[in-house]
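A closer look at the structure
Here's the letter readout for the chains.
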Amino acid sequence: MASKRLSRAEKKRRQFIQTMAYLSTVTVAALAGIVPSVKAASKRLRPPGALVEKRFLSACIKCGQCVQVCPVNAIKLADLTDGIGVGVPYIESRDQACDFSCDGLQCVLACPTGALTHDVNFSHEVDIGIAKLIRPKSCLAVQGKGIKGSARGPDFKGMMRYEEIDRWNPIPVADYPYDLELCDLCVRTCPIEIRANQCDIGKPPSGDEQQCPPKRAIRLVEIESEDGTRKMRPEILDGCVGCGVCEMICPAEPAAIVIESNDNRTGKRI
Amino acid sequence: MKLKDSFAELFGADPKRVQKSDISEEAAAVHAAQKADKSRIQKIHDELAEMALNKPGEKTRRIRWAVLIAVNLLFVVSYWLDIQLLEGALTASRFAGFHMADLNSALQVMLAFKHIVINLVIGTVTVFILWWLLGGRTFCSWVCPYHLLSEWAEMIHVKLAAKGWVKDHPMDRRARMWFWLIFALLAFATGYTVYETISPTGILSRALIYGPGIALAWVGALLIFEIIWSRRAWCRYACPIGLTYGLVGAISPFKINYNLNNCFHEGECKKVCLVPHVLDTVIKGRAKKIHVSIGADCTRCGRCVDACPTESLTFKFKGFSDYL
């Protein structure tokens, strides 16, 4: 069949159809990209100071400045398949929790849009989520067991600040062996508990009373034991901010204690 | 170029027909002389033959690529070496501690969030002034990482087209305005920065700095579309970032200047141009004045400057002489 010359009008019509097809394909692709993020709202942990999920997603400009300032690299940016919006930051606390080792909430200060609200100034005001003992049977303290060696094994990449080792530089958790009769790592490493203890002995962090958490976050309580060994159970208190250090440090596999995202977070704890 | 026409061109209107009455006396004289002068036509043929033999080097393009790569690498190096010189990504960043925000990303956030914090205002104003001085869409060709990939895709497209394997399917340029409106409305209505999900600029910038992800597949799809179906389709017909910067650059003091006196109307400039409609004035008989400023859709990439054998097109910091 001989190719026939298209009239000007026909050419215009074809161009119009193509343009419309292009326009709608790209728009649909963009909309498809937000469906999972709307569905997965509040399933992930957000960086300190994050507004309530919908507001947070509105405000985030996806620049990753929070990622860059975090001394322990706790913050990651979501990919297309993560279902929470491309380029939006989240925390996977089992792999790397926020241990507040920057002390000044650097991610909040870095955020250019207020997606991480500047209303929070101190770690105890943060509202990432709340810890829950979801597998009490696998908890070493509940079993009356201790911990010897590094908490998560030699290959674990997570970092934490141990003040007695280096006030300013976090070190790998793998490089810090423990030797405890009864595992109390979730309490011992809790950044809120550490600060509260410092305040109790009259030495608040940086000498600043305002850094003192008004409430305790976690403690161990004695539980009944049939065989006479000492057994304890972690109890999460009102002061827990969901930083996730307990989940990261928990030697049980999978972790006995995990952070649940706070659906009703307001950015700042009231 | 008149501001009104510059905006119309940005929004996708076809170049207006030039009325005789619009052409200045001086320009009319040059047009008439060019028609009468037969030796000029011979010169054009000589010139083109010469150019076919010795392809002019693309010096500006090489400098531009170096700048584009350097800016993007500065983000990467700053992060990896932790020197805090340029933190963040192209959507928003801090240069030596000073906030900068991509104008389109900032606009999307403002529409979605409906609340503006002071840091974003500072970042937006800084970037606005910067790109206003540098010409608006200068961002596209001198900074945007997608532009570079798209230029490479374009090279492939042009090669394949020469062999007859692919054909360019131009689209209606008004599409970009519709995209801009659709994404602005979507941000406002859904409260989510919908465009950022598919912005190849943001995806590429983050991929460079924070490591690659599956989102790059979308960028790949756009490039393939440009190679096999429609030349430079994203930059020409879709990108709302380009339109935003175009609006900023419309009143910019930095322009490409066209000099009618030198022009042989060979059309080499239009062949290489990303946005050839801005060069409508170089067509024989269309220039209204001896010196014409190229409109706001121009990305100041300088390819026409390199391509023109007679230096009729040059970069020029014109100040506000156009509007006085």
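Everything that follows concerns the structure shown earlier in this document.
Owing to the predicted nature of the structure, the values given are computational and were not obtained by experimental measurement. (Residues numbered from 1 in each chain as written. Chains lettered and ligands numbered in written order. Predicted model: local features only at pLDDT ≥ 70, side-chain atom pairs only at ≥ 80, totals over all residues. Heavy atoms only, no water.)

1. Re the overall build of chain B
What counts here: The numbering of helices and of strands both runs from the N terminus, where a helix is a DSSP run of H or I of at least 4 residues and a strand a run of E of at least 2. Note on exposure labels: buried denotes an accessible area under 20% of the residue type's maximum, exposed denotes more than 50%, and partly exposed covers the range between, all computed with a 1.4 Å probe on protein chains only. Contacts are assigned to residue pairs with any non-hydrogen atoms lying within 4.5 Å of each other.
Counting its regular elements, chain B contains 16 helices and 6 strands. For the C-alpha atoms alone, the extent of chain B along its principal axes is close to 60 × 45 × 35 Å. With 324 residues in all, chain B has 54% of them scored as buried. Of the contacts made within chain B by residues no fewer than 6 positions apart, 76% connect residues no fewer than 24 positions apart.

2. Quick notes on the pairing of strand S1 (residues 86-89) of chain B
Residue and element names in this part refer to chain B. Quick reminder of the rule: One bridge is not enough; two strands pair if DSSP finds at least two bridges between them.
Pairing of S1 with strand S2 (residues 92-95) involves 4 bridges; the strand directions are antiparallel. Looking at S2, one finds that Leu86 is bridged to Phe95. Where S1 hands over to S2, the hairpin turn is made up of 2 residues, counted between the paired strands.

3. Focus: the environment of Pro47(A)
Residues and elements named next belong to chain A. With respect to the helices, strands and loops of the structure, Pro47 is situated in the loop between helix H1 (8-39) and helix H2 (53-59). Among the residues examined, Pro47 registers a relative accessible area of 1% and is labelled buried. Linking Pro47 and Cys107, residues 60 residues apart in sequence, is a C-alpha distance of 7.4 Å. For Pro47, the contacting residues outside a window of four places in its chain are Phe56, Ile75, Pro89, Ile91, Leu116 and Ile128.

4. Side note on the interface of chain B and chain A
Accessible area lost on assembly of the parts is the figure often given for the size of an interface. Rules: The term buried area refers to how much accessible surface (probe radius 1.4 Å) is lost by two components on association, counted for both of them together. Within this document, salt bridges are pairs made up of a side-chain nitrogen of Lys or Arg and a carboxyl oxygen of Asp or Glu, the two lying within 4 Å of each other. Pairs of N or O atoms within 3.5 Å make up the polar contacts considered here, provided that, within protein, one atom can donate a hydrogen while the other can accept it, and that residues adjacent in sequence are counted only when both atoms are side-chain atoms.
Each side of the interface is counted separately: chain B has 52 residues, and chain A has 45 residues. When the two sides are added together, the surface that chain B and chain A hide from each other amounts to roughly 4,000 Å², 64% of it contributed by carbon and sulfur. Summed over the shared surface of chain B and chain A, the number is 0 salt bridges. Summed over the shared surface of chain B and chain A, the number is 20 residue pairs in polar contact (both at pLDDT 80 or more).

5. Quick word on the sheet that holds strand S4 (residues 254-259) of chain B
Residues and elements named next belong to chain B. Rule in force here: Axis lines are fitted through C-alpha atoms, for helices just across the contact stretch, and the angle between N-to-C directions can take any value from 0 to 180 degrees.
With antiparallel pairing, the 3 strands of this open sheet are ordered in space as S5-S4-S6. Among the strands making up the open sheet, the edge pair consists of strand S5 (291-293) and strand S6 (313-317). Here the average twist between neighbouring strands, direction ignored, is 35 degrees.

6. A short note on the nonpolar core
Here is the rule: For our purposes a nonpolar core is just a set of buried Ala, Val, Leu, Ile, Met, Phe, Trp, Tyr and Cys residues, chained together by side-chain atoms within 4.5 Å.
Judged by nonpolar contacts, the single largest core of 149 residues is most densely connected at Tyr22(A), Tyr178(A), Tyr146(B), Phe183(B), Trp234(B), Tyr258(B) and Leu279(B). The residues contacting Phe183(B), other than those within four sequence positions of it, are Val26(A), Ala30(A), Gln108(B), Val194(B), Tyr195(B), Ile198(B) and Pro240(B).

7. Concerning the side chain of Ser93(A)
Residues and elements named next belong to chain A. Within the fold, Ser93 resides in the loop between strand S2 (89-91) and helix H4 (106-110). Within the structure, the side chain of Ser93 is placed 2.9 Å from the side chain of Glu247, a separation counted as a polar contact. Not counting the four nearest positions on each side in its chain, Ser93 is found in contact with Leu45, Cys243, Gly244, Glu247, Met248 and Ile259.

8. A closer look at the sheet that holds S1(B)
Residue and element names in this part refer to chain B. The 3 strands are arranged S1-S2-S3 in an open sheet whose pairing can be described as antiparallel. Strand pairing shows two members of the sheet lacking a second neighbour, S1 and strand S3 (98-101), which therefore form its edges. Between one strand axis and the next, the sheet turns by 15 degrees as a mean value, whatever way the strands run. Across the sheet, helix H4 (residues 59-80) is in contact with S1 and S2; its angle to S1 comes to roughly 105 degrees.

9. Describing the side chain of Thr91(B)
Residue position: Thr91(B) is located in the loop between S1 and S2. Judged by relative accessible area, Thr91(B) falls into the buried class, the value being 4%. Here the side chain of Thr91(B) touches Lys62(A) through a polar contact of 3.2 Å, landing on its backbone oxygen. When sequence neighbours within four positions are dropped, the list of residues in contact with Thr91(B) reads Ile61(A), Lys62(A), Cys63(A), Ala101(B), Asp102(B), Ser105(B), Glu196(B), Gly202(B) and Arg206(B).

10. Description of the packing of helix H8 (residues 145-162) of chain B against helix H11 (residues 200-210) of chain B
Residue and element names in this part refer to chain B. To keep it simple, the criterion reads: Every angle not falling under 35 degrees, over 145, or within 65 to 115 is termed oblique; those three ranges are roughly parallel, roughly antiparallel and roughly perpendicular. Gly is placed with the polar residues, together with every amino acid not listed as nonpolar (Ala, Val, Leu, Ile, Met, Phe, Trp, Tyr, Cys and Pro) or charged (Asp, Glu, Lys and Arg).
At a minimum axis separation of 8 Å, H8 and H11 run at an interaxial angle of 100 degrees. With respect to H11, the axis of H8 lies roughly perpendicular. For the pair H8 and H11, contact is made by Pro145, Tyr146 and Leu149 and by Pro200, Thr201, Leu204 and Ser205, respectively. Split into classes, the residues belonging to the contact of H8 with H11 amount to 5 nonpolar, 2 polar and no charged.

11. Things to note about a positive patch on the surface
Applied cut-off: Only residues whose relative accessible area exceeds 30% and that form no salt bridge enter a patch; like-charged residues are grouped when within 9 Å of one another, and nonpolar side chains (Val, Leu, Ile, Met, Phe, Trp, Tyr) when within 5 Å. Per-residue and other accessible areas follow the Shrake-Rupley method at a 1.4 Å probe size, with only the shown protein chains counted as cover for residues. We count Lys and Arg on the positive side and Asp and Glu on the negative side, and we leave His and both chain ends out. To locate a charge, the coordinates of NZ of Lys, CZ of Arg, CG of Asp or CD of Glu are taken.
Side chains of Arg5(A), Arg8(A), Lys11(A), Lys12(A) and Lys167(B) sit close together on the surface and give a patch of like positive charge. Mapped onto the fold, Lys167(B) is located in the loop between H8 and helix H9 (175-190).

12. Some thoughts on the packing of aromatic side chains
Geometrically, a pair of aromatic rings is defined through the distance of the ring centres and the angle of the planes. The criterion, for reference: Stacked, tilted and edge-to-face are the three classes assigned to paired rings of Phe, Tyr and Trp, where Trp is represented by its six-membered ring and a pair needs centres within 6.5 Å; plane angles under 30 degrees give stacked, over 60 edge-to-face, the rest tilted. Criterion for a charge above a ring: Lys NZ or Arg CZ within 6 Å of the ring centre, and within 35 degrees of the ring normal.
Under the counting rule described, the total for this entry stands at 15 aromatic pairs over all chains. Ring geometry for Phe179(B) versus Phe183(B): centroids 6.0 Å apart, planes at 5 degrees, classification stacked. Within this pair, Phe179(B) and its partner Phe183(B) are both found in helix H9, separated by 4 residues, close to a single helical turn. According to the relative accessible area criterion, Phe179(B) is buried, its value standing at 0%. These aromatic residues form a ring-pair network of at least three members: Tyr22(A), Phe179(B), Phe183(B), Tyr195(B), Phe225(B) and Trp234(B). Stacked on the ring of Phe188(B), the Lys or Arg Lys114(B) has its end atom at 4.9 Å from the ring centre.

13. Things to note about unusual backbone geometry
All names here are of chain A. In this chain, Glu253 is followed by Pro254 through a cis amide linkage whose omega measures -5 degrees. Tracing the sequence through the fold places Pro254 in the loop between helix H8 (245-249) and strand S10 (257-261). Notably, Phe100 is not glycine yet its phi reads approximately 55 degrees, a positive angle. Relative to the elements of secondary structure, Phe100 occurs in the loop between S2 and H4.

14. What about the state of the cysteines?
Throughout this description, disulfide means a covalent bond between two cysteine sulfur atoms. All names here are of chain A. Note the following rule: When the sulfur atoms of two cysteines come within 2.5 Å, that pair is taken as a disulfide.
Enumeration over the complete set of coordinates arrives at 1 disulfide over all chains. Each sulfur in the disulfide pair Cys199 and Cys212 lies 2.0 Å from the other. What sets the handedness of the Cys199 and Cys212 disulfide is the S-S torsion sign, and at about -95 degrees it is left-handed. With Cys199 in helix H7 (residues 191-200) and Cys212 in the loop between H7 and strand S8 (218-222), this residue pair connects regions lying 13 residues apart in the sequence. Under the relative-accessibility criterion, Cys212 is labelled buried at 18%. Take Cys111: it sits in no disulfide, and the sulfur closest to it among the cysteines is that of Cys63, at 6.8 Å. A residue is classified by how much of its surface remains accessible, and Cys111, at 9% relative accessible area, is buried. In this structure Cys139 is not part of a disulfide, and its nearest cysteine sulfur, from Cys186, lies 6.1 Å away.

15. Remarks on helix H5 (residues 103-113) of chain B
With 8 of its 11 residues buried, H5(B) lies for the most part within the structure. Where H5(B) is concerned, the buried positions are Leu103(B), Asn104(B), Ser105(B), Ala106(B), Gln108(B), Val109(B), Ala112(B) and Phe113(B). Contact partners of the buried residues in H5(B): H2 of chain A together with S3, helix H6 (118-134), H9, helix H10 (194-198) and helix H14 (240-249) of chain B. With a side-chain oxygen lying 3.2 Å from the backbone nitrogen of Asn104(B), the N-terminal cap of H5(B) falls on Asp102(B). Just beyond H5(B), the residue with positive phi is Lys114(B), at close to 60 degrees.

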